[in-house]
Amino acid sequence: QVQLVESGGGLVHAGDSLRLSCAASGATFSNYAMGWFRQAPGKEQEFVAGINWSGISKYYGDSVKGRFTISRDNGKNTAYLQMNSLKPEDTAVYYCAALSSATMVPRGPSYYRYWGQGTQVTVSS
């Protein structure tokens with residue numbers, strides 16, 4: 001099974017950028033599709049972005065399209081989420097998740113078997 005550890009969260013001002021990292025271990029990273037999700041207090045978990053095993057196919061939630069970019073480096077066993085033009089409504093705990101799949105990159109969190117512990121992102125106005 002794969003273990004996931006997120007890093008890179010923090011407190012920033014509106015308009016700033018952050019890059020989150022998700023380091024994977026314990027399995028062949030390229031066997032997994034990766035997703036980023038977030039959850040704000042009192043809200044449901046939200047799909048942010050997903051990427052297939054090769055990095056060719058990428059998907060985004062509507063609220064982050066054009067601002068966030070997902071990527072992965074299979075040689076470094078790491079997935080990334082570059083977040084630009086951050087807004088206060090982006091404030092949440094961000095989680096990376098992994099799914100053993102050659103084709104699927106689902107938006108539903110229940111499809112993902114492995115999860116990191118989360119990293120807090122706070123955007124002040």
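For the structure itself, consult the block above.
Residues numbered from 1 in each chain as written. Predicted model: local features only at pLDDT ≥ 70, side-chain atom pairs only at ≥ 80, totals over all residues. Heavy atoms only, no water.

### So, the nonpolar core
Counting 30 residues, the largest nonpolar core has Leu4, Met34, Trp36, Leu81, Met83 and Tyr94 as its most contacted members. Of all the secondary-structure elements, those providing two or more residues to this core are β3 (18-25), β4 (32-39), β5 (46-51), β7 (68-73), β8 (78-83), β9 (92-100) and β11 (119-124). For methionine 83, the residues in contact, after removing those within four places along its chain, are Asp16, Ser17, Leu18, Leu20, Arg67, Phe68, Tyr94 and Val121. With 7 residues, the next largest nonpolar core counts Ala33, Phe37, Phe47 and Ala97 among its residues. (Core = buried A, V, L, I, M, F, W, Y, C linked by side-chain atoms within 4.5 Å. Buried < 20%, exposed > 50% of the residue type's maximum accessible area, 1.4 Å probe, protein only. Helix = DSSP H or I, 4+ residues; strand = E, 2+ residues; numbered from the N terminus. Contact = heavy atoms within 4.5 Å.)

### Observations regarding unusual backbone geometry
The residue asparagine 77 is not glycine, and still its phi comes out positive at about 55°. On the secondary structure map, asparagine 77 appears in the loop between β7 and β8. Using a relative accessible area of 29% as the deciding quantity, one classes asparagine 77 as partly exposed. Not every positive phi belongs to a glycine, and serine 85 is a case in point at roughly 50°. Turning to its location among the elements, serine 85 is positioned in the loop between β8 and β9. On the accessibility criterion, serine 85 (40% relative accessible area) is partly exposed.

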